[in-house]
Amino acid sequence: MLEWIKNINKEHPEFWKIYVSKFDKKSKCFVVFSTETTGLNPVKDVILSIGSFTVIDNNIIIGNSFETIIAQYKFFHDNGILNEFTLESKMKKLGEPEAIQALIEFIGNAVLVGHHVDFDVEMINAALERLGCGRLKNEALDIDVMHRKLHEINNKQFSLDELCEIYKIPKSDRNSSSEDAYKIALLFLKLKSRLGIK
């Protein structure tokens, strides 16, 4: 009971209040995103990088994208892990609080799209909790679920590579969250059209 009262009286950061206020109206845009993480446990693991693109009217808006590496030095230091890509990459690096705030400002009230998106959402929710915020309010679509719905498949999940092969999305040697987000966006446009999603 005390925990509940504490949460009601808790003062959320300003960026979070602005985000929450955007859900009075429905968004017409989608944000396709992918995260790279240290593992699969939202409680113990952290996000290393995020890549995302906006999709409006069946177009991937390359100029309206968000990409960052999250400098998780404390995680690596405390766990004795060295991630050379994260430390040496020339890409823009932000601390987790700045990266999550920038992501929230970027996505607004858009519908989120990902591959096994529930996991990505939980990782972001865990980071938001560390910032004293609530949970994401966005609707979310999963391209694996969309593919299975289209073909009435209930007994198998598909990897991103498998979906790319099925829908003839070219493979890339570069492996990054932005590259994955772009592939997911291409898959989403194909599946969205076949499922008749507006």
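Reading the values: rules and limits
- Residues numbered from 1 in each chain as written.
- Predicted model: local features only at pLDDT ≥ 70, side-chain atom pairs only at ≥ 80, totals over all residues.
- Heavy atoms only, no water.
- Pairing = 2+ DSSP bridges.
- Helix = DSSP H or I, 4+ residues; strand = E, 2+ residues; numbered from the N terminus.
- Contact = heavy atoms within 4.5 Å.
- Axes fitted to C-alpha atoms, helices over the stretch in contact; angles between N-to-C directions.
- Salt bridge = Lys/Arg side-chain N within 4 Å of Asp/Glu carboxyl O.
- Buried < 20%, exposed > 50% of the residue type's maximum accessible area, 1.4 Å probe, protein only.
- Polar contact = N/O pair within 3.5 Å; in protein donor to acceptor, adjacent residues only side chain to side chain.
- pLDDT = per-residue confidence, 0-100.
- Core = buried A, V, L, I, M, F, W, Y, C linked by side-chain atoms within 4.5 Å.
- Phe/Tyr/Trp six-rings, centres within 6.5 Å; stacked < 30°, edge-to-face > 60°.
- Lys NZ or Arg CZ within 6 Å of the ring centre and 35° of its normal.

Topic: the sheet that holds strand E4 (residues 93-94)
Part 1 of the argument: Read from one edge to the other, the open sheet built from six strands follows the order E4-E3-E2-E1-E5-E6, with strand pairing classed as mixed. Only two strands of the sheet have a single partner each, and these edge strands are E4 and strand E6 (140-142).
Part 2 of the argument: Helix-sheet contacts for helix H7 (residues 143-151) involve strand E5 (111-114) and E6, and the interaxial angle to E6 is about 60°.
Part 3 of the argument: The strands touched by helix H9 (residues 177-195) within the sheet are strand E1 (30-37), strand E2 (47-56), strand E3 (59-70), E5 and E6, with E1 carrying the most contacts at an inclination of about 140°.

Quick notes on the pattern of salt bridges
Part 1 of the argument: Applying the stated criterion across every chain yields a total of eight salt bridges.
Part 2 of the argument: Here Arg148 and Asp144 are joined by a salt bridge, their closest N and O atoms 3.4 Å apart. With Arg148 and Asp144 both in helix H7, this residue pair falls four residues apart, about one helical turn. For the pair Arg148 and Asp144, one class covers both residues: buried.
Part 3 of the argument: With a closest N to O distance of 3.8 Å, Lys183 and Asp180 form a salt bridge.

Some points on the side chain of Asp144
Part 1 of the argument: For Asp144, a relative accessible area of 0% gives the class buried.
Part 2 of the argument: Engagement of the side chain of Asp144 in a polar contact is seen with the backbone nitrogen of Phe158, the distance being 3.1 Å.
Part 3 of the argument: Discounting residues that sit within four places of it in the chain, Asp144 has contacts with His115, His116, Gln157, Phe158 and Leu163.

Observations concerning the confidence of the model for the chain
Part 1 of the argument: Across the chain, the average pLDDT comes to 87, with 85% of residues at 70 or higher.
Part 2 of the argument: Within the chain, no element has a lower average pLDDT than helix H1 (residues 2-9), which sits at 46, and none a higher one than E5, at 98.
Part 3 of the argument: Within the model, the stretch residues 1-9 combines pLDDT values under 50 with zero contacts to residues more than four positions away or in other chains.
Part 4 of the argument: Low pLDDT (under 50) marks residues 79-87, which in the prediction has 15 contacts with non-local residues, meaning those over four places away or in another chain.

Quick word on the nonpolar core
Part 1 of the argument: Counting 26 residues, the largest nonpolar core has Ile104, Ile107, Leu128 and Leu136 as the members making the most contacts within it.
Part 2 of the argument: Counting only elements with at least two residues in this core, the list comes to helix H2 (14-20), E1, E2, E3, helix H5 (96-107) and helix H6 (117-130).
Part 3 of the argument: Once residues within four sequence positions are removed from consideration, Leu128 is found in contact with Trp16, Ile100, Ile104, Cys133, Gly134 and Leu136.
Part 4 of the argument: With 22 residues, the next largest nonpolar core counts Phe30, Val113, Leu163 and Ile184 among its residues.

A closer look at the packing of aromatic side chains
Part 1 of the argument: For the structure shown, the criterion picks out five aromatic pairs.
Part 2 of the argument: Summarising the aromatic geometry, the rings of Phe53 and Tyr182 are spaced 5.8 Å apart at their centres and angled 70° between planes, so their arrangement reads as edge-to-face. On the criterion of sequence distance, the pair formed by Phe53 in strand E2 and Tyr182 in helix H9 is long-range, its members being 129 residues apart.
Part 3 of the argument: With a relative accessible area of 10%, Phe53 lands in the buried category.
Part 4 of the argument: On the basis of relative accessibility, which here comes to 31%, the residue Tyr182 falls in the partly exposed class.
Part 5 of the argument: Seen from the ring of Phe23, Lys137 lies directly overhead, with NZ or CZ sitting 5.6 Å from the centre.

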